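# Secondary and tertiary structure notes
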Amino acid sequence: EPEVTQTPSHQVTQMGQEVILRCVPISNHLYFYWYRQILGQKVEFLVSFYNNEISEKSEIFDDQFSVERPDGSNFTLKIRSTKLEDSAMYFCASSFTTSGKTNTGELFFGEGSRLTVL
Amino acid sequence: LAKTTQPISMDSYEGQEVNITCSHNNIATNDYITWYQQFPSQGPRFIIQGYKTKVTNEVASLFIPADRKSSTLSLPRVSLSDTAVYYCLYVKGGATNKLIFGTGTLLAVQP
């Protein structure tokens, strides 16, 4: 079964450092997403991406964050200058179509990248 | 924002049927109801999606009454491995590509 893969599984970084989290979405999917989950809290939407541009983003996704699909297979999340409060599990997801379409809007999530900012 | 209400936690025993109800009083005409499951330290996983009446797949059933202001996820004969957080969400038909997760229901299945 095709799956979304994420690297690294765990990254520890110093506050102020740049971090890039990588994702390989399912190959025929068109929509890509990043979510995060702070330990013990709910899953939070960060950004969605379609046709090489951001389609929606949350208030969490400020100027410190950026996303890119550099080569047609990878989908990356960059945090320019990490803060302590960026420590969380970051999930990448992809879907073939939008989430509202029955049977085809399912989002497939990766296993996550745990980011620890010291 | 889409707002759903579901119990914070539920307990069950192996082999029992579990029904988790979610209320979504502000659901709009073109919204779909979707349920996801999340195990600890894993990404959420799609379970089932529906618009009205009943939908069944190999994992669960979803019951949606005529007014669509609530929905019930039914898990037949749960096992220990069904212990997880279950999220009820609703999404705009074709108009958005994001999911907004609530706090979910932590289902604990005991032997």
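About the thresholds
Residues numbered from 1 in each chain as written. Chains lettered and ligands numbered in written order. Predicted model: local features only at pLDDT ≥ 70, side-chain atom pairs only at ≥ 80, totals over all residues. Heavy atoms only, no water. Pairing = 2+ DSSP bridges. Helix = DSSP H or I, 4+ residues; strand = E, 2+ residues; numbered from the N terminus. Axes fitted to C-alpha atoms, helices over the stretch in contact; angles between N-to-C directions. pLDDT = per-residue confidence, 0-100. Buried < 20%, exposed > 50% of the residue type's maximum accessible area, 1.4 Å probe, protein only. Polar contact = N/O pair within 3.5 Å; in protein donor to acceptor, adjacent residues only side chain to side chain. Contact = heavy atoms within 4.5 Å. Salt bridge = Lys/Arg side-chain N within 4 Å of Asp/Glu carboxyl O. Disulfide = S-S within 2.5 Å. Phe/Tyr/Trp six-rings, centres within 6.5 Å; stacked < 30°, edge-to-face > 60°. Lys NZ or Arg CZ within 6 Å of the ring centre and 35° of its normal. Patch = residues over 30% accessible without salt bridge, like charges linked within 9 Å, V, L, I, M, F, W, Y side chains within 5 Å. Areas by Shrake-Rupley, 256 points an atom, 1.4 Å probe, with all protein chains shown as cover.

All names here are of chain B. In spatial order, the strands read β2-β7-β6-β5; together these 4 strands make up an open sheet with antiparallel pairing. Because the sheet does not close on itself, it has two edges, and the strands there are β2 (18-23) and β5 (53-56). Here the strands of the sheet are splayed against their neighbours by 15 degrees on average, with no regard to which way each runs.

Averaged over every residue, the pLDDT of chain A is 91; the share at 70 or more is 93%. The lowest-confidence element of chain A is strand β6 (residues 53-57) of chain A, averaging 91 in pLDDT; the highest-confidence one is strand β11 (residues 113-117) of chain A, averaging 98.

All names here are of chain A. For strand β9 (residues 88-95), the tally of buried residues reaches 8 of 8 residues, placing the bulk of the element in the interior. Along β9, one buried face is formed by A88, Y90, C92 and S94 and the opposite face, lined by M89, F91, A93 and S95, is buried too. In the sheet, strand β4 (residues 31-37) pairs with β9 via 7 bridges, with the strands oriented antiparallel. Opposite R36, over in β9, you have Y90 as the bridge partner. In the sheet, β9 pairs with β11 via 3 bridges, with the strands oriented antiparallel.

Let us look at the side chain of Q37 of chain B. Residues and elements named next belong to chain B. For Q37, the location among the structural elements is in strand β3 (residues 31-38). For Q37, a relative accessible area of 5% gives the class buried. Within the local environment of Q37, its side chain forms a polar contact with the side chain of Y86, the two groups lying 3.0 Å apart. Here Q37 is in contact with G43, P44, R45, I47, D82, A84, V85 and Y86, once residues within four sequence places are set aside.

Here we take up the pattern of salt bridges. Residues and elements named next belong to chain A. According to the stated counting rule, one finds 1 salt bridge over all chains in the structure shown. Its salt-bridge partner being E44, residue R36 comes within 3.1 Å of it at the nearest N-O pair. Judged by its relative accessible area of 10%, R36 is buried.

A covalent bond bridging the sulfur atoms of two cysteines is what the word disulfide describes. Throughout the structure, instances matching the rule amount to 2 disulfides over all chains. Shown here is the disulfide that connects C23 of chain A with C92 of chain A, its sulfur atoms set 1.9 Å apart. Residues C23 of chain A and C92 of chain A share a disulfide whose torsion about the S-S bond is about -65 degrees; that sign makes it left-handed. Taken together, the residues C23 of chain A in strand β3 (residues 19-24) and C92 of chain A in strand β9 connect sequence positions 69 residues apart. The buried category is assigned to C23 of chain A, whose relative accessible area is 0%. Disulfide pairing places C22 of chain B opposite C88 of chain B at an S-S distance of 2.2 Å. On the sign convention where negative is left-handed, the bridge of C22 of chain B and C88 of chain B, at about -80 degrees about the S-S bond, is left-handed.

Below, the discussion takes up the packing of aromatic side chains. What the rule picks out here adds up to 15 aromatic pairs over all chains. Taking 5.2 Å as the distance between ring centres and 45 degrees as the angle between the ring planes, the aromatic pair formed by F49 of chain A and F75 of chain A counts as tilted. Taken together, the residues F49 of chain A in strand β5 (residues 43-50) and F75 of chain A in strand β8 (residues 75-79) connect sequence positions 26 residues apart. Neither residue differs from the other here; F49 of chain A and F75 of chain A are each classed as buried. Three or more aromatic residues joined by ring pairs make a cluster, and in this case those are Y33, Y35, F45 and F109 of chain A together with Y36, F46, Y87 and F101 of chain B. R68 of chain B extends its terminal NZ or CZ atom over the ring of Y51 of chain B, reaching a point 4.0 Å from the ring centre.

Residues and elements named next belong to chain A. The topology assignment puts Q6 in strand β1 (residues 5-7). Under the relative-accessibility criterion, Q6 is labelled buried at 11%. Within the structure, Q6 has its side chain in polar contact with the backbone oxygen of Y90 (distance 2.9 Å). Separated by 3.0 Å, the side chain of Q6 and the backbone nitrogen of C92 make a polar contact. Setting aside its immediate chain neighbours within four residues, Q6 contacts R22, C23, W34, Y90, F91, C92, G110, E111, G112 and S113.

Before going further, it helps to spend a moment on a nonpolar patch on the surface. A cluster of nonpolar side chains, namely L30, Y50 and F96 of chain A, defines an oily patch on the protein surface of about 270 Å² accessible area. For L30 of chain A, a relative accessible area of 41% corresponds to the partly exposed category.

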